[in-house]
There are 4 protein chains.
Amino acid sequence: MKNTFGQSLTVTLFGESHGPYIGAVLDGLAPGIDIDEEFIKHQLDLRRPAGKISTKRVEQDEYIIASGAFNGKTTGTPLSILIPNSVQKSADYENSPRIARPGHADFTANEKYHGFEDFRGGGHFSGRITAAVVAAGAVVIPALKKKGILIGTHIKSCGGISDRGFEDYAKDIESLSKTNFPILDEKKAADIREMMEQTASEGDSVGGVLETVITGMPTGVGEPWFDTVEGILAHAMYSIPAIKGVQFGDAFDMVDKKGSEYNDAFRMEGDRVVTLTNHNGGINGGITNGMPILFRCAVKPTPSIYKKQESIELNSRKDADLEIIGRHDPAIIHRARIVVDSMTALAVYDMLAVRYGTDWFLKG
Amino acid sequence: MKNTFGQSLTVTLFGESHGPYIGAVLDGLAPGIDIDEEFIKHQLDLRRPAGKISTKRVEQDEYIIASGAFNGKTTGTPLSILIPNSVQKSADYENSPRIARPGHADFTANEKYHGFEDFRGGGHFSGRITAAVVAAGAVVIPALKKKGILIGTHIKSCGGISDRGFEDYAKDIESLSKTNFPILDEKKAADIREMMEQTASEGDSVGGVLETVITGMPTGVGEPWFDTVEGILAHAMYSIPAIKGVQFGDAFDMVDKKGSEYNDAFRMEGDRVVTLTNHNGGINGGITNGMPILFRCAVKPTPSIYKKQESIELNSRKDADLEIIGRHDPAIIHRARIVVDSMTALAVYDMLAVRYGTDWFLKG
Amino acid sequence: MKNTFGQSLTVTLFGESHGPYIGAVLDGLAPGIDIDEEFIKHQLDLRRPAGKISTKRVEQDEYIIASGAFNGKTTGTPLSILIPNSVQKSADYENSPRIARPGHADFTANEKYHGFEDFRGGGHFSGRITAAVVAAGAVVIPALKKKGILIGTHIKSCGGISDRGFEDYAKDIESLSKTNFPILDEKKAADIREMMEQTASEGDSVGGVLETVITGMPTGVGEPWFDTVEGILAHAMYSIPAIKGVQFGDAFDMVDKKGSEYNDAFRMEGDRVVTLTNHNGGINGGITNGMPILFRCAVKPTPSIYKKQESIELNSRKDADLEIIGRHDPAIIHRARIVVDSMTALAVYDMLAVRYGTDWFLKG
Amino acid sequence: MKNTFGQSLTVTLFGESHGPYIGAVLDGLAPGIDIDEEFIKHQLDLRRPAGKISTKRVEQDEYIIASGAFNGKTTGTPLSILIPNSVQKSADYENSPRIARPGHADFTANEKYHGFEDFRGGGHFSGRITAAVVAAGAVVIPALKKKGILIGTHIKSCGGISDRGFEDYAKDIESLSKTNFPILDEKKAADIREMMEQTASEGDSVGGVLETVITGMPTGVGEPWFDTVEGILAHAMYSIPAIKGVQFGDAFDMVDKKGSEYNDAFRMEGDRVVTLTNHNGGINGGITNGMPILFRCAVKPTPSIYKKQESIELNSRKDADLEIIGRHDPAIIHRARIVVDSMTALAVYDMLAVRYGTDWFLKG
């Protein structure tokens, strides 16, 4: 399956950083879903570089819905989104020496594709491809919202500075949806921004932890083996460049606790079953229990740095040192946030469509 | 796909704790792989309860290879393994009150299956099903070994006590393969065992972190989007009951480091490319770089405890308190280890068969 | 995927003619479906040899539901069915000369599995495996019936003798469900039986055409590309040994007609849309139009014959002649009928579960 | 999966007749395959209308390779092909009465997509989408050829006129590859053309039978259950509009023969195993035997005719008569031919990549 993900709703990604288009095909959407073009643009804007702390390559992120939409609504046939790469510079890179960038996929792509990969700008591995994920996600996020399902992600910690946790989910998700620097505590946001700028000035980079919540999920979604909610979401998240860890509920954070502290006691709240704590992140036995789904992603420090690094040259396979020139993001965690939200939305839509059928979102 | 996993090699699991058989179907195996019956038994033994610190339910773990084997070798057709449930007690549970066990899947199964689930002993969610995973893994582990690929897992930490890290992979994997209490440092093993017994005496339970290494992986395996090595392995791991977090390389552990500290510099070692550190866990851009693959799984504390817990009764949907009687594992992390190894082996075999074809392991 | 078929409902087959068990795993069944054990036995009986015109190997076709059932209903977890091979004779076949039977899979299996295949009795290619298909089908046929969906198949023609076409679908399906010699016209049934016996006495075999109808299908099921109703059903049918052609509606039979003769005119019948003819077999553009789905399968003459045949010996790869001793079916078309019904039922259930969700059959 | 097909090589189709683009994404191609742009154009030309006997809508069939290619070769990442719809006329169709065209998908699409379908020009059901299939096929056909695998299709019969059978496969395939009216016997070609023109003048249409051969296939490809070569190819073929029947070897044509006539005797030819006849079409037990694969597709008469037809109006659901104005193809069988070739090539590539691995075509 490779570049396609999902069962009832599938998303297929294509494109390279310097090719004519990147894009996504969404197949299995219910017909009749409103396409909110303003929202798609808004989401793409949230992914775009944010001032000083981001790369100077600024794409317009124009997009074309090439199929699957009619009179402003989904048709139910494959919806394809094309995003032209307007800023690409074509040059003959072919015989240049190519020093593998540590932490990047230059070397592994060279091994996998035997030197035929389009390496320009990271090619198919470029973070640029995530624009297609965001556009695709922006088609389904409003459909989920109509069903009462909200998704939000903030930077839980970055460079040693921690944000506050979620308090009022709906309100926090709302406020996160409006900013391209997704930190709940304003003071911490300023601290993190300053730290990022400082890191940039040193030619270095930082990573951090993203925390995501999904509210409004019905109970009984997910499977006991393999297609657990955790398995599906983690599988999707690991596609996002730089994500190296995913955990649900408290996991690594409470690994030294006792069962009596970790178990989430059940109680009735009216005629609804709730848990008094949520250390399991809304999932028991791979299946949703109706509580908010909570997970965290570890984002490694952006591998593009300006300090000199030891490496190898790919064609000659000889040692070589690398000094990157130009300007890259000292952090991508704030931009990765909306990619996490979008990928989550696609995976959640799929799990619901598997359970409730392909037309469920039409009836919303 | 639900209870089936994989592309070229698929594993399908079935069974309930108190049904006549649990089992696995392995489809896509190369023909001609030697089936080592002693090894299968050995692996099943490593999963079985280990003395005082484990449950007293002791199954024989007899197994039948019902298809796909001929003259001691795989045929290439679906290999099915049946494991009879010899110790089951059949009784009419139907009208008993059922108090959902916190941290278990009782409630979510009831929501998903609308009350038709076979809840006896946890049914399809029982850790018992992992015996089928272990037997299936034991078919492919020797085939991987012939290709120079070794897998080993130890308890990295448990109840606040940490094991030493891997030192000599081959030697450590060898020693882990012989014990049902997989800790590298003997002194720490004694401490952890003692702590587990103490926890058991308090009617409580512990979790911990498992650390796994895969050595000998070829470069260029895995996909850039979705079917990343991380995505495939994490997807598989999250099927294992109690695993709530998976990370590759250092991830959450080095989340506050800088890019200059996290990037793994490349260097030639003879005609082979190596990295000087391995914070990325042998994977760049979702694809293997030839270094050992390293990942960690957070195992939550076993939800079965003897302390009184708040909960609900499933049929009446009323609040009810739970006091579990009988004897369960105060820790399953040492038993989960071999399940992690087995699931890893199945996923690794599959990724290699996708890349090199269905007959690759025949040529080994 | 190989031995697994389906998306929302998957069926996985395993087993060899002379192994301990053959079986099927059905995954994705709704919970709460009644399991009618008498009906399963009845269906298995319809597959069994029918007197003089069939093989003398008579299995008991006992079966075990090893998982996925509880209190006489499906649980929603994988339902596995095991059928023991009671009559197998184990002998050391390993070094015997093996002359490939023309028309059978002996040679192709040898090429695919490099000589490691369990060739005894046809191994995994044996018609015996279809018993597992029939048992699996017998779990879902009653669930389809509750939704008003009926399936029936008769021998349309055999050895040059043609049955009458369907007249009253419900009545014809009912009468076919009770006989192991599924021909609608009694006189033709007698003629065909006599012809088969004559053919048997000559050491030869016959094939024929099976015609299947599915009534009660909702409109709007199926996909425009790839997962057309025709594509899904044909894919499933071609698994059945000896089926070499599948057509929907009139296809090959009306290939010389004009569009004005082939098009099925629409008309309202009350508030329901119907077609005045049904040359398209209930499917337009890959999607059901609510009319009965009609298709025909070409069943080649059974390859097992007693006449001397030219062939090769598989180990030495030398020319060799083959003379089969023992007794085989001079025709399997009457037995293949129930396999076609069963496979159809599995594929239809799957398409409906994709569209309406995993619980749709629970609500029936 | 819906609009995606394949396992190791997947093809995803999207687009509507009157949308901005139609397209295909090919994922899983080996890196390093030469992309022959002239050949792609040539193949697209073979699909285009052929003079008097075809529609007057003439698209330019310009295409853009939007990803997955670099320096004239495949990169191994998803190769996407976009074909702009240059001739579309945008108008507000929304409130017009819509009379369902008999034999077309207008009614079934309306049922499936609940009225949200883009119905203009047949939308996603339009034969126009097959241009993307042809372009995709044109990427893999040269790769197959390098491996010695050739594919060719001719009109076996049309409107009661039959072409001669294949004689010299290589030569016949070569000559078919150069004409947009694929009939081997020149005299019969003239007769068929004349008959088509006569049919057009009557406002009617014809169908026919396409016969395809694949030469050079290795032995041992395909699976015994479900993913038989027949099942995979038929599944793919049924996506092609108007195909209603598929048969392998002689099937329906020899259904009244005896086993002694149908079985294909094996013999050694040097060190290669051959069959003396090929009634099974190169496939035994779902697996290739090394002989040419032969299959036939029944193409129903084109549903677009100019005679008045009974039908219904889709919005009001009332009876209505249809009289089509404009000019359509009286036959599409000659144009469908290259779609069959292309779809066959994609399916064959996939089966080989499953068996031999993703890089097999690189080594060619």
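In this report, the structure presented in the accompanying data block is examined. (Residues numbered from 1 in each chain as written. Chains lettered and ligands numbered in written order. Predicted model: local features only at pLDDT ≥ 70, side-chain atom pairs only at ≥ 80, totals over all residues.)

**So, the overall build of chain A**
Each helix and strand in chain A was counted, giving 8 helices and 18 strands. Rg of the C-alpha trace for chain A: 21 Å, near the compact-globule value of 21 Å for 364 residues, within the 12% margin. Referenced to the eigenvectors of the C-alpha coordinate spread, the extents of chain A come out at roughly 70 × 50 × 35 Å. If you take every contact in chain A between residues at least 6 apart in sequence, the share linking residues at least 24 apart comes to 73%. (Helix = DSSP H or I, 4+ residues; strand = E, 2+ residues; numbered from the N terminus. Rg over C-alpha atoms; globule rule 2.2 N^0.38 Å. Contact = placed C-beta atoms within 7 Å.)

**Description of the interface of chain B and chain A**
At the interface, 87 residues of chain B touch 87 residues of chain A. Taken together, the residues that form the side of chain B that touches chain A break down as 33 nonpolar, 34 polar and 20 charged. Relative to strand S11 (residues 243–248) of chain B, strand S11 (residues 243–248) of chain A runs antiparallel, the two being bridged by 3 bridges. Each bridged residue has a counterpart across the sheet, and for Gln247 of chain A the counterpart in S11 of chain B is Gly245 of chain B. (Nonpolar A, V, L, I, M, F, W, Y, C, P; charged D, E, K, R; others polar. Pairing = 2+ DSSP bridges.)

**A closer look at the relation of the copies chain B and chain A**
Overlaying chain B on chain A yields an RMSD of 0.0 Å, the required transformation being a rotation through 180 degrees with an accompanying axial translation of 0.0 Å. Here the transformation between the copies is reduced to the relation of a two-fold axis. Counting the interface residues of chain B, we find that 100% of their copies in chain A are interface residues as well, pointing to one common contact surface. (Least-squares fit on C-alpha atoms with pLDDT ≥ 70 in both.)

**Points about the interface of chain D and chain B**
Taken together, the contacts link 10 residues of chain D with 10 residues of chain B. Its residues assigned to classes, the side of chain D that touches chain B shows 4 nonpolar, 5 polar and 1 charged.

**Considering the nonpolar core**
Core analysis: the biggest nonpolar cluster contains 440 residues, and Ala135 of chain A, Ala135 of chain B, Ala135 of chain C together with Ala135 of chain D have the highest contact counts within it. Not counting the four nearest positions on each side in its chain, Ala135 of chain C is found in contact with Ala24, Ile40, Leu44, Tyr63, Ile81 and Ile83 of chain C. (Core = buried A, V, L, I, M, F, W, Y, C linked by C-beta atoms within 7 Å. Buried ≥ 20, exposed ≤ 12 C-beta atoms within 10 Å, placed from the backbone.)

**Points about the relation of the copies chain D and chain B**
Aligned on chain B, chain D shows an RMSD of 0.0 Å; the corresponding rotation is 180 degrees and the shift along the axis is 0.0 Å. When the interface residues of chain D are mapped onto chain B, 100% of them again lie at the interface, so the same face is used by both copies.

**Here we look at the sheet that holds strand S7 (residues 79–84) of chain A**
Residue and element names in this part refer to chain A. Spatial strand order, S1-S2-S3-S7-S4: 5 strands in an open sheet with antiparallel pairing. Strands with a single pairing partner mark the edges of an open sheet, and in this sheet they are strand S1 (4–5) and strand S4 (64–67). Relative to strand S3 (residues 21–27), strand S2 (residues 10–15) runs antiparallel, the two being bridged by 6 bridges. Each residue of the ladder has a partner; that of Leu13, found in S3, is Ala24. Lying on the sheet, helix H3 (residues 130–146) is in contact with S2, S3 and S7; it crosses S3 at an angle near 35 degrees. (Axes fitted to C-alpha atoms, helices over the stretch in contact; angles between N-to-C directions.)

**Here we look at the sheet that holds strand S9 (residues 161–162) of chain D**
The strands making up a sheet associate through hydrogen bonds between their backbones, and the pairing can be parallel or antiparallel. On the basis of which strands lie adjacent, the open sheet formed by 10 strands has the order S9(C)-S8(C)-S10(C)-S16(C)-S11(C)-S11(D)-S16(D)-S10(D)-S8(D)-S9(D) and antiparallel pairing. Unpaired on one side and paired on the other, strand S9 (161–162) of chain C together with S9 of chain D mark the two borders of the sheet. Relative to strand S10 (residues 208–215) of chain C, strand S8 (residues 150–158) of chain C is paired through 8 bridges, and the arrangement is antiparallel. Counted as the bridge partner of His154 of chain C is Glu211 of chain C from S10 of chain C. Packing of helix H8 (residues 333–356) of chain D onto the sheet brings it into contact with strand S8 (150–158), strand S10 (208–215) and strand S16 (293–299) of chain D, and relative to S8 of chain D it is tilted by some 145 degrees.

**Examining the environment of Phe295 of chain D**
All names here are of chain D. Within the fold, Phe295 resides in strand S16. C-beta crowding within 10 Å serves as the criterion here: with 27 such atoms nearby, Phe295 is assigned to the buried category. Counting along the chain gives 12 residues from Phe295 to Lys307, while the straight-line C-alpha distance between them is 33 Å. Excluding its chain neighbours within four sequence positions, the residues that come into contact with Phe295 are Thr212, Leu233, Val246, Gln247, Phe248 and Gly281.

**A short note on helix H1 (residues 37–47) of chain D**
Residues and elements named next belong to chain D. Buried residues of H1: Ile40, Gln43, Leu44, Leu46 and Arg47, and no others. Buried residues along H1 cover an arc of 155 degrees about the axis, so they all sit on one side. Looking at the buried residues of H1, the elements they touch are helix H3 (130–146) and H8. (Arc of directions from axis to C-beta.)

**What to know about the packing of H1 of chain D against H8 of chain D**
Residue and element names in this part refer to chain D. Remark: H1 packs on H8, axes separated minimally by 7 Å, with the N-to-C direction vectors making an angle of 145 degrees. Listed contacts from H8 to Gln43, Leu46 and Arg47 of H1 are Arg335, Ile338 and Val339. Along the lines of polarity and charge, the residues of the contact of H1 with H8 split into 3 nonpolar, 1 polar and 2 charged.

**Concerning unusual backbone geometry**
You will see that Arg317 of chain A, though not glycine, has its phi angle at about 50 degrees, which is positive. If you trace the backbone, Arg317 of chain A turns up in the loop between strand S17 (309–313) and strand S18 (318–322). Within the chain, Ala251 of chain D stands out as a residue other than glycine whose phi angle is a positive 35 degrees. Following the sequence through the fold, Ala251 of chain D ends up in the loop between strand S11 (243–248) and helix H7 (259–262).

**Side note on helix H3 (residues 130–146) of chain C**
All names here are of chain C. A rise of 1.5 Å per residue sets the reference length of H3, with its 17 residues, at 24 Å; its end C-alpha atoms lie 25 Å apart and thus fit the reference within 8%. Of all the bends found along H3, the most pronounced is centred on Ala138 and spans about 30 degrees, while Pro142, a proline, follows it within four residues. Along H3, 14 of the 17 residues are buried, which leaves the element largely enclosed by surrounding structure. (Expected span 1.5 Å × (residues − 1). Bend = angle between axes of the 7 residues up to and from the residue.)

**Section: the environment of Phe5 of chain B**
Following the sequence through the fold, Phe5 of chain B ends up in strand S1 (residues 4–5). For Phe5 of chain B, a count of 23 C-beta atoms within 10 Å puts it in the buried group. Placed 331 residues apart in sequence, Phe5 of chain B and Ala336 of chain B show a C-alpha to C-alpha distance of 19 Å. What Phe5 of chain B contacts, discounting residues up to four positions off in sequence, is Phe226 of chain A together with Thr10, Val11 and Ala236 of chain B.

**What about the packing of H1 of chain D against H3 of chain D?**
Residue and element names in this part refer to chain D. In contact at an axis separation of 9 Å, H1 and H3 are set at 140 degrees when each is read in the N-to-C sense. Taken as axis vectors, H1 and H3 run oblique relative to one another. Note on packing geometry: the crossing formed by H1 with H3 is right-handed. Only Thr130, Ala131, Val134, Ala135, Gly137, Ala138 and Pro142 of H3 make contact with H1, whose side of the interface consists of Phe39, Ile40, Gln43, Leu44 and Arg47. (Parallel < 35°, antiparallel > 145°, perpendicular 65-115°, else oblique. Left-handed = near helix turned anticlockwise from the far one by under 90°.)

**Side note on the environment of Ile287 of chain C**
Along the polypeptide, Ile287 of chain C turns up in strand S15 (residues 287–288). Among the residues examined, Ile287 of chain C registers 24 C-beta atoms within 10 Å and is labelled buried. Along the primary structure Ile287 of chain C and Arg335 of chain C are separated by 48 residues, whereas in three dimensions their C-alpha atoms are 30 Å apart. If near-sequence neighbours (up to four positions away) are discounted, Ile287 of chain C is found in contact with Gly220, Val221, Gly222 and Val229 of chain C together with Ala105, Thr108, Ala109 and Lys112 of chain D.

**A look at the pairing of S17 of chain A**
Working note: regular strand, side chains alternate between the two faces of the sheet. Residues and elements named next belong to chain A. Across 5 bridges, S17 lies against S18 in antiparallel orientation. In the strand pairing of S18, Gln309 is matched with Leu322. Between the end of S17 and the start of S18, which pair antiparallel, lie 4 residues, with Arg317 showing a positive phi angle near 50 degrees.

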